[in-house]
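# Close look at the chain arrangement
Given next are the chains, with one letter for each unit.
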Amino acid sequence: MSDEITVHPFTWPPAPIKTERLVLRQSKARDRAALIDLFASPEVGNYVGGSRPRDELERALPEVPGQRLGFFVVELNGTTIGMITLDRRDPERKGHIRPEGGEPELGYMFLPQAWGHGYATEACAAALDWFADAHPGEPVVLSTQTANEASMRVAVKRFEDYGTEQWLGVWYPGTPSD
Ligand SMILES: CC(C)(COP(=O)(O)OP(=O)(O)OC[C@H]1O[C@@H](n2cnc3c(N)ncnc32)[C@H](O)[C@@H]1OP(=O)(O)O)[C@@H](O)C(=O)NCCC(=O)NCCS
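Our subject in this report is the structure included herewith. Since the model is a prediction, treat every value here as computed from it, not as a measurement. (Residues numbered from 1 in each chain as written. Predicted model: local features only at pLDDT ≥ 70, side-chain atom pairs only at ≥ 80, totals over all residues. Heavy atoms only, no water.)

### Considering the pattern of salt bridges
Going through the model one piece at a time under the given rule, you end up with 13 salt bridges. Residue aspartate 87 pairs with arginine 68 through a salt bridge whose shortest N-O separation is 2.7 Å. Of this pair, aspartate 87 sits in strand S6 (residues 79–88) while arginine 68 sits in the loop between helix H3 (54–60) and strand S5 (71–76), placing them 19 residues apart in sequence. Of the residues examined, aspartate 87 reaches a relative accessible area of 26% and is grouped as partly exposed. (Salt bridge = Lys/Arg side-chain N within 4 Å of Asp/Glu carboxyl O. Helix = DSSP H or I, 4+ residues; strand = E, 2+ residues; numbered from the N terminus. Buried < 20%, exposed > 50% of the residue type's maximum accessible area, 1.4 Å probe, protein only.)

### Here we look at the pairing of strand S4 (residues 22–25)
Taking every second residue as pointing to the same face, both faces of S4 are buried, with Leu22 and Leu24 on one and Val23 and Arg25 on the other. Two strands pair when backbone bridges link them, and strand S3 (residues 17–18) and S4 are joined in this way by 2 bridges, in the antiparallel orientation. Bridged to isoleucine 17 within S4 is leucine 24. Between S3 and the antiparallel strand that follows it, S4, lie 3 residues. Bridge count between S4 and S5: 4 bridges; the pairing is antiparallel. The residue of S5 that forms the bridge with valine 23 is glutamate 75. (Pairing = 2+ DSSP bridges.)

### Remarks on the nonpolar core
Grouped together as the largest cluster of nonpolar side chains are 23 residues, with contacts concentrated most on Leu24, Ile84 and Phe110. Those elements giving two or more residues to this core turn out to be S4, S5, S6, strand S7 (104–110) and helix H4 (119–134). Aside from chain neighbours lying at most four places away, what touches leucine 24 is Pro16, Ile17, Thr19, Phe72, Val73, Val74, Ala123, Ala126 and Ala127. The next biggest cluster of nonpolar side chains, apart from the first, holds 9 residues, and it includes Leu35, Val73, Met109 and Leu111. (Core = buried A, V, L, I, M, F, W, Y, C linked by side-chain atoms within 4.5 Å. Contact = heavy atoms within 4.5 Å.)

### Considering the site of the ligand
Residues in close proximity to the ligand total 20 residues, the closest being Tyr108, Gly116, Thr121, Asn148 and Arg153. Contacts to the ligand include histidine 117, whose backbone N or O atom sits 3.2 Å from an oxygen atom. Arginine 153 is positioned such that a nitrogen or oxygen atom in its side chain is 2.6 Å from an oxygen atom of the ligand. For the ligand, the accessible surface in isolation is 950 Å², of which the surrounding protein chains cover 68%. With 4 residues, helix H5 (residues 149–155) is the largest single contributor of residues to the shell around the ligand. Here the residues of the shell around the ligand are counted per class, giving 10 nonpolar, 8 polar and 2 charged. (Near = heavy atom within 4 Å. Polar contact = N/O pair within 3.5 Å; in protein donor to acceptor, adjacent residues only side chain to side chain. Areas by Shrake-Rupley, 256 points an atom, 1.4 Å probe, with all protein chains shown as cover. Nonpolar A, V, L, I, M, F, W, Y, C, P; charged D, E, K, R; others polar.)

### Overview of the packing of aromatic side chains
All chains considered together, the criterion is met by 4 aromatic pairs. Seen in terms of ring centroids, phenylalanine 72 and tryptophan 130 are 5.2 Å apart; in terms of plane orientation they differ by 80 degrees. Their pairing is edge-to-face. Taken together, the residues phenylalanine 72 in strand S5 and tryptophan 130 in helix H4 connect sequence positions 58 residues apart. One exposure class covers both phenylalanine 72 and tryptophan 130, and it is buried. Here a set of aromatic residues connected by ring pairs shows up, and it is made of Trp12, Phe72, Trp130 and Phe131. (Phe/Tyr/Trp six-rings, centres within 6.5 Å; stacked < 30°, edge-to-face > 60°.)

Here is the structure:
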């Protein structure tokens, strides 16, 4: 996908999104090596179905991996550190907020050397802001292994109340559980 496409109501790719420290943008050929590092990393693959052998990735990945709608590369000072995805959730999977499935789903993967600085949280917030402009009012889902504590911390919005950390969950009546 090299040409700009318009999918109502937004245009893909969007202009690069700049945050305080990061840039979120469409992938380019120069991201290939970092994306191979990401998919080959056992640490990264730990809770997302495992890593893939580097030589297999070298053979399988296209010249410009991740050229698709909703795939953002995340760059820090010109270096690729991770990716954010907004894909439609497979209707065959469990966990939906509408019976027909296909909800927009947020995903995030960062290189281990970029963990522990708040980059994932910063990038997710920016991607969600972009999505809220592109699809006003449409909720985004996210699923993660509960054992993936770092991911749970990114996903779960915490706040202070009564002098201690809290988390607020929301249940919608009539929402199917899968
Ligand atoms: C999930 C993942 C992106 C989380 O990475 P992370 O570095 O923990 O998350 P953030 O970038 O938001 O950083 C948050 C951490 O940085 C710390 N931090 C340091 N400086 C910070 C700053 N300026 N702002 C915010 N947080 C900061 C926070 O305290 C927090 O540390 P803690 O978790 O020990 O409390 C990462 O573990 C990963 O890529 N895992 C592999 C792929 C994966 O499992 N993806 C999820 C699939 S659903």
